[in-house]
Amino acid sequence: MDGLAGAVAEIGGPEHLQTLKRWWDKGWLDPQTTDWNWYETEISRTWAERCDRFNRYHEPYVSDAIGEMQKWHCFSDRFHDEQSRPRPERQPDRHDSTTFVRANPKIGRNDPCPCGSGKKYKKCCAA
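Nothing here was measured: the structure is a model prediction, and the numbers come from that model.

About the thresholds
- Residues numbered from 1 in each chain as written.
- Predicted model: local features only at pLDDT ≥ 70, side-chain atom pairs only at ≥ 80, totals over all residues.
- Heavy atoms only, no water.
- Helix = DSSP H or I, 4+ residues; strand = E, 2+ residues; numbered from the N terminus.
- Contact = heavy atoms within 4.5 Å.
- Areas by Shrake-Rupley, 256 points an atom, 1.4 Å probe, with all protein chains shown as cover.
- Core = buried A, V, L, I, M, F, W, Y, C linked by side-chain atoms within 4.5 Å.
- Buried < 20%, exposed > 50% of the residue type's maximum accessible area, 1.4 Å probe, protein only.
- Arc of directions from axis to C-beta.
- Polar contact = N/O pair within 3.5 Å; in protein donor to acceptor, adjacent residues only side chain to side chain.
- Phe/Tyr/Trp six-rings, centres within 6.5 Å; stacked < 30°, edge-to-face > 60°.

*Asks:* An account of the overall build of the protein is needed here, citing residue identities and associated values.
*Replies:* Along the protein, the regular secondary structure elements total six helices and zero strands. Ordering the α and β elements of the protein from the N terminus gives α-α-α-α-α-α. Long-range pairs, those at least 24 residues apart, make up 34% of the contacts in the protein between residues at least 6 apart in sequence. Surface summary for the protein: the accessible area is close to 11300 Å², and the carbon and sulfur share equals 52%.

Printed below as a string of structure tokens:
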């Protein structure tokens, strides 16, 4: 509700003041977010004041999307030029034709520890 009330206050219009006051009185708006004076001040601003405040605190709308994107590196000619950004060499496959064979059998977590302590491997040397 606080986000909606804030948007209504920033849009303005004195006709919304009663609705916001009713929400405030019912406790639907969090007083830790803002106080009632902020809502009254925002609602009472003129259209020119609201536009000026919006333009100060928000990025302006993009009127030329293509011109804006041409500034981005991923849309520039340099990004797609193979000379300036060569592809890395392909790594050779790491799979050998030889198979790994263990000298001793694999020790399971619940098997007795090979150190001879009598504990399980997971509680002794694997810990």
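On we go from here.
*Asks:* Hey, could you go over the nonpolar core for me, with residue numbers and the actual values?
*Replies:* One finds A5, V8, A9, L20, W23, L29, W36, Y39 and I43 forming the largest nonpolar core, which totals nine residues. Listing elements by their share of this core, those giving two or more residues are α1 (2–11), α2 (17–25) and α3 (36–44). Every residue in contact with W36, bar those within four places of it in the chain, is listed here: L17, L20, K21 and W24.

*Asks:* Give me the environment of G6: which residues, what numbers.
*Replies:* When you line up the elements, G6 lands in helix α1. With 32 residues separating them along the chain, G6 and W38 place their C-alpha atoms 9.3 Å apart.

*Asks:* Give me α1: which residues, what numbers.
*Replies:* Buried within α1 we find A5, G6, V8 and A9. In a view along the axis of α1, the buried residues occupy a sector of 160 degrees, so they form one face of it. For α1, exposure combined with an orientation more than 90 degrees from the buried face picks out G3 and I11. Each element contacted by the buried residues of α1 is listed here: α2 and α3.

*Asks:* Before we move on, can you summarise the side chain of E42 with the specific residues and values?
*Replies:* Mapped onto the elements of the fold, E42 is located in helix α3. The class of E42 is buried, set by a relative accessible area of 2%. At 3.0 Å, the side chain of E42 forms a polar contact with the side chain of R45. Beyond its immediate chain neighbours, meaning those up to four positions away, E42 contacts A9, E10, R50 and R53.

*Asks:* So what's going on with the packing of aromatic side chains? Which residues, and what values?
*Replies:* Overall, the coordinates contain four aromatic pairs when judged by the stated rule. Arranged with centres 6.1 Å apart and planes meeting at 45 degrees, the rings of W24 and W36 form a pair that is tilted. Within this pair, whereas W24 is found in helix α2, its partner W36 is found in helix α3, the two being separated by 12 residues in sequence. Here the aromatic rings of W38 and Y39 are separated by 5.3 Å at their centres, their planes lie at 75 degrees, and the arrangement is edge-to-face. Of the residues examined, Y39 reaches a relative accessible area of 1% and is grouped as buried.

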